[in-house]
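Summary of structural features
Listed below, chain by chain, are the residues.
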Amino acid sequence: MNQPLPTSCATPPAATAATIRQRGQHEVFCGLTSIIWLHRKVQDAFFLVVGSRTCAHLMQSAAGVMIFSEPRFATAIMEERDLAGMADMHDELDQVVARLLERRPDIRMLVLVGSCPSEVIKLDLNRAAGRLNAHYAPRHRVIAYSGSGIETTFTQGEDNFLAALVQDQATRPAKSGAARLVVAGCLADVVEDQFSRLFSAFGLSDVVFLPGRHATDGLTIDSNTRYVLAQPYLGATAAALESRGATRIDAIFPLGTEGTTAWLWAIASAFGIDRARFDGIVDQPRRRAEQAISHYRPWIDGKRVFLFPDSQMEPSLARYLHQELGAEIVEIGSPYLHREHVAGELALLPPGVAISEGQDVDIQIDRCRQANPDLIVCGLGLANPFEAEGRITKWSIEFAFTPIQGYEQAGDLAELFARPLMRNSILTGRNREAAQ
Ligand code: SF4
């Protein structure tokens with residue numbers, strides 16, 4: 001466990017079995033859901049979904065109790081007369097935006113989010129954003145991206161948002177020069193602060209987190225900029241950064257002790273920091289992480305785990321489960337596999353692990369039942385039916401909402417997997433006592 005990981009993702013994932021590619025019924029969220037964590041991160045942004053009542057209901061259910069705290073997102077509901085072309089959608093949108101900005105003048109960035117209905121009727125939100133920008137800039141900045149279920153699955157909504165931010169940055173460069181390092185991928189503030197402290201200890205300056213906490217945070221990217229992905233689902237963002245000249249630092253993702261060390265070392269070595277200095281800086285947090293994980297490892301060691309597709313984080317979670325917690329991986333489902341970005345993770349998995357991309361949910365459920373794993377990582381819609389069959393599940397949505405990256409969170413991540421197994425052990429123990 002203490003061996004340094006390879007930081008390069010150049011190793012081909014030859015160890016894994018052929019990918020199962022399936023198209024059929026999906027059990028996944030659309031990209032609108034990512035607004036739930038994005039609106040908490042960017043503190044002066046407002047996300048306006050242009051969609052139907054279905055979209056509004058989805059946001060309400062996914063946000064849970066958050067909807068009672070005057071969140072910074074809403075849905076501009078398209079009515080039948082909009083869909084029938086009886087009203088000019090652009091005029092209606094202008095009126096909604098005017099009312100919103102009058103009521104919430106603290107909004108600095110208004111984000112128009114496209115949905116299935118707005119895409120089906122070909123409402124051009126980029127054009128609308130351009131028009132609104134001309135009217136409201138510089139007080140309010142307006143950008144647009146798509147979170148529709150036709151185009152995006154869950155975390156891909158964040159990918160489209162970040163790509164739109166990068167493209168928009170061209171018009172709003174930072175006051176200082178180009179960023180030397182861009183860390184792309186939404187991280188909880190607490191995780192961002194921990195990484196910032198480590199980067200300062202490495203002597204790295206001009207580090208920019210994307211997205212930033214404020215819409216007004218400027219960002220200049222040029223050929224001197226290196227970027228590293230903090231999340232595995234950022235294909236469009238990576239392409240947008242590279243189109244501005246930035247170069248990717250190749251690394252596995254910062255989950256667990258080994259993932260975090262490999263990720264940090266990839267960054268440190270790219271900026272010429274020597275290994276002895278690096279080890280001295282990360283030694284203490286690394287030990288703390290190892291200790292925290294060791295507390296939960298006995299619960300997961302040797303357990304067989306099946307991961308359904310959800311967030312594209314599945315290959316990284318599987319690598320962590322196998323490498324640091326001793327789990328046996330039965331199948332890794334992912335809605336989409338960005339092979340270049342997850343090659344390093346797949347290369348660290350044992351031979352023969354089944355990987356599936358996309359989904360035909362009934363067939364996948366049959367495979368899962370047949371494999372009879374000890375733990376199933378799946379969405380809310382599948383979890384309770386599986387539990388009713390006497391199987392143990394972990395809701396995958398928690399990996400998107402909980403701070404899990406970095407050393408200080410490595411134990412919490414282990415606990416997320418261990419908790420359902422612990423709970424089951426308590427309940428079966430009680431049942432046994434009751435039967436005696
Ligand atoms: S964007 Fe599409 S998939 Fe998402 S809630 Fe709206 S209609 Fe449903």
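To start, this report covers the structure provided alongside it.

Criteria and thresholds
- Residues numbered from 1 in each chain as written.
- Predicted model: local features only at pLDDT ≥ 70, side-chain atom pairs only at ≥ 80, totals over all residues.
- Heavy atoms only, no water.
- Salt bridge = Lys/Arg side-chain N within 4 Å of Asp/Glu carboxyl O.
- Helix = DSSP H or I, 4+ residues; strand = E, 2+ residues; numbered from the N terminus.
- Buried < 20%, exposed > 50% of the residue type's maximum accessible area, 1.4 Å probe, protein only.
- Near = heavy atom within 4 Å.
- Nonpolar A, V, L, I, M, F, W, Y, C, P; charged D, E, K, R; others polar.
- Pairing = 2+ DSSP bridges.
- Axes fitted to C-alpha atoms, helices over the stretch in contact; angles between N-to-C directions.
- Contact = heavy atoms within 4.5 Å.
- Arc of directions from axis to C-beta.

1. Focus on the pattern of salt bridges
- Throughout the structure, instances matching the rule amount to 26 salt bridges.
- In this structure, the salt-bridge partner of R213 is D193, at a minimum N-O distance of 2.7 Å. Separated by 20 residues along the polypeptide, R213 in the loop between β7 (207–210) and β8 (226–229) and D193 in helix α8 (residues 189–202) bring together distant segments of the chain.
- The closest approach of N and O atoms between R286 and E290, which form a salt bridge, is 3.8 Å. Note that R286 and E290 are positioned in helix α11 (residues 275–300) at a spacing of four residues, about one turn of the helix. Assigned by exposure class, R286 and E290 land together as buried.

2. Description of the site of the ligand
- Lining the immediate environment of the ligand, one finds C30, L32, T54, C55, L58, S115, C116, P117, S148 and G149.
- Elements represented by at least two residues in the shell around the ligand include exactly α2 (53–63) and α5 (116–120).
- It is α2 that contributes the most residues to the shell around the ligand, three residues altogether.
- Among the residues making up the shell around the ligand, the classes are represented as six nonpolar, four polar and no charged.

3. Comments concerning the sheet that holds strand β5 (residues 141–146)
- The sheet built from four strands is open, its strands ordered β3-β2-β4-β5 with parallel pairing. The open sheet has two edge strands with one neighbour each: β3 (73–77) and β5. The sheet shows a mean angle of 25° between the axes of neighbouring strands, taken without regard to direction.
- Sheet topology places strand β2 (residues 45–51) next to β3; five bridges connect them, and they run parallel. Following the sheet pairing, L48 is matched in β3 by A74.
- On the sheet, helix α4 (residues 89–103) packs against β2, β3 and β4 (109–114) and is oriented at approximately 150° with respect to β2.
- Here helix α7 (residues 156–169) sits on the sheet and contacts β2, β4 and β5; the angle it forms with β5, its principal contact strand, is near 140°.

4. Digging into helix α14 (residues 361–371)
- The set of residues buried in α14 consists of V361, Q364, I365, R367 and C368. Down the axis, α14 shows its buried residues gathered within 160° of arc, on one side only.
- In this fold, the buried residues of α14 make contact with β1 (20–23), β10 (304–307), β11 (328–334), β12 (354–359), β13 (375–378) and α15 (380–388).
- Taken from the residues just after α14, N372 is the one with a positive phi, measuring 50°.

5. Some details on the sheet that holds β10
- Taken in spatial order, the six strands line up as β1-β12-β11-β10-β13-β14 in an open sheet, and their pairing is parallel. Where the open sheet ends on each side, the last strands, each with one partner, are β1 and β14 (393–395). Going from strand to strand, the sheet's axes swing by 15° on average, the running direction of each strand aside.
- Two elements, β10 and β11, share four bridges in a ladder whose sense is parallel.

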